[in-house]
Amino acid sequence: VQLVESGGGLVQPGGSLRVSCAASGFAFSSYGMGWFRQAPGKEREFVAAITWGGGTTYYTDSVKGRFTISRDNAKNTVFLQMNSLKPEDTAVYYCAADRLLNRGSYYLGYTYDYWGQGTQVTVSS
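Nothing here was measured: the structure is a model prediction, and the numbers come from that model.

Novice: How would you summarise the state of the cysteines if you had to cite specific residues and measurements?
Specialist: Within the structure shown, the criterion is met by 1 disulfide. There is a disulfide in this structure between Cys-21 and Cys-95, and the S-S distance comes to 1.9 Å. The S-S bond linking Cys-21 to Cys-95 shows a torsion near 45 degrees; that makes this disulfide right-handed. You can see Cys-21 sitting in strand S3 (residues 17-24) and its partner Cys-95 sitting in strand S9 (residues 91-98), a full 74 residues away along the chain.

Novice: Residue-level account of the pattern of salt bridges, with values.
Specialist: Oppositely charged side chains can form a pair if their charged atoms are brought close together. Throughout the structure, instances matching the rule amount to 4 salt bridges. The salt bridge partner of Arg-37 is Glu-45, with a shortest N-O separation of 2.6 Å. Overall, the relative accessible area of 5% leaves Arg-37 in the buried class. Among the charged side chains, a network of salt bridges with common partners joins Arg-37, Glu-45, Arg-66 and Asp-89.

Novice: Explain unusual backbone geometry residue by residue, including any values.
Specialist: The phi torsion at Asn-76 lies on the positive side, around 50 degrees, for a residue other than glycine. Here Asn-76 lies in the loop between strand S7 (67-72) and strand S8 (77-82). The phi torsion at Ser-84 lies on the positive side, around 50 degrees, for a residue other than glycine. When you line up the elements, Ser-84 lands in the loop between S8 and S9. Its relative accessible area of 41% is what places Ser-84 among the partly exposed residues.

Novice: Run through the packing of aromatic side chains, naming residues and quoting values.
Specialist: Throughout the structure, instances matching the rule amount to 11 aromatic pairs. Plain terms: the ring middles of Phe-26 and Tyr-31 are 4.9 Å apart, the flat faces sit at 75 degrees to each other, and that makes the pair edge-to-face. Of the two residues, Phe-26 and Tyr-31, both sit in the buried class. The side chain of Arg-44 reaches across the aromatic face of Phe-36, ending 5.7 Å from its centre. Directly above the aromatic system of Phe-28 lies the positively charged group of Arg-71, at a separation of 4.4 Å from the ring centroid.

Novice: Could you give me a rundown of the side chain of Ser-20, with the residues and numbers involved?
Specialist: With respect to the helices and strands, Ser-20 occurs in strand S3. Once residues lying within four places of it in the same chain are set aside, the contact partners of Ser-20 are Val-4, Glu-5, Ser-6, Trp-35, Thr-77, Val-78 and Phe-79.

Novice: Before we move on, could you go through the pairing of strand S4 (residues 32-38) and cite the residues and values that matter?
Specialist: Counting buried positions over the 7 residues of S4 gives 6, a clear majority of the element. Examined bridge by bridge, S4 and S9 share 7 bridges and lie antiparallel to one another. Following the sheet pairing, Gln-38 is matched in S9 by Val-92. From the end of S4 to the start of strand S5 (residues 45-50), which pair antiparallel, there are 6 residues, and Gly-41 there has a positive phi angle of about 75 degrees.

Novice: Give me the lowdown on the pairing of S9, citing residues and values where you can.
Specialist: Among the 8 residues that make up S9, 7 are buried, leaving the element largely enclosed by the rest of the structure. Bridge analysis of S9 against strand S11 (residues 119-123) gives 3 bridges, and the strand direction is antiparallel. When the sheet's bridge partners are listed, Ala-91 is paired in S11 with Val-121. Across 2 bridges, the pairing between S9 and strand S10 (residues 114-115) is antiparallel. Directly across from Ala-96, in S10, lies its bridge partner Trp-115.

Analysis parameters
Residues numbered from 1 in each chain as written. Predicted model: local features only at pLDDT ≥ 70, side-chain atom pairs only at ≥ 80, totals over all residues. Heavy atoms only, no water. Disulfide = S-S within 2.5 Å. Helix = DSSP H or I, 4+ residues; strand = E, 2+ residues; numbered from the N terminus. Salt bridge = Lys/Arg side-chain N within 4 Å of Asp/Glu carboxyl O. Buried < 20%, exposed > 50% of the residue type's maximum accessible area, 1.4 Å probe, protein only. Phe/Tyr/Trp six-rings, centres within 6.5 Å; stacked < 30°, edge-to-face > 60°. Lys NZ or Arg CZ within 6 Å of the ring centre and 35° of its normal. Contact = heavy atoms within 4.5 Å. Pairing = 2+ DSSP bridges.

Here it is in structure tokens:
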């Protein structure tokens with residue numbers, strides 16, 4: 001099983017970035033997917049999640065209206081489009097897979113089965 005994030009980098013405040021997560025080794029289209037982030041000195045926090053078919057998405061309040069999660073099951077890839085980025089969005093972003101993702105558990109990191117290694121996103125002028 002592998003989850004490989006890419007697309008992180010340095011961006012100015014107000015800018016945009018899209019991070020991707022390529023999955024392999026499991027039935028990607030049967031899993032809900034999530035994005036979490038961890039800033040220096042802080043605990044990991046939930047950012048966004050999407051159900052296996054892409055029909056339902058969830059976001060933490062601080063990114064609603066700015067971030068969009070999507071997936072391409074034909075390419076075994078999940079995306080996080082980040083717009084209007086703020087310095088407080090700076091963190092390592094991780095993707096994760098949850099076989100049983102639902103509205104009661106999508107924000108709980110311990111329910112996810114597989115995790116990627118993370119990609120650094122830095123928002124700074």
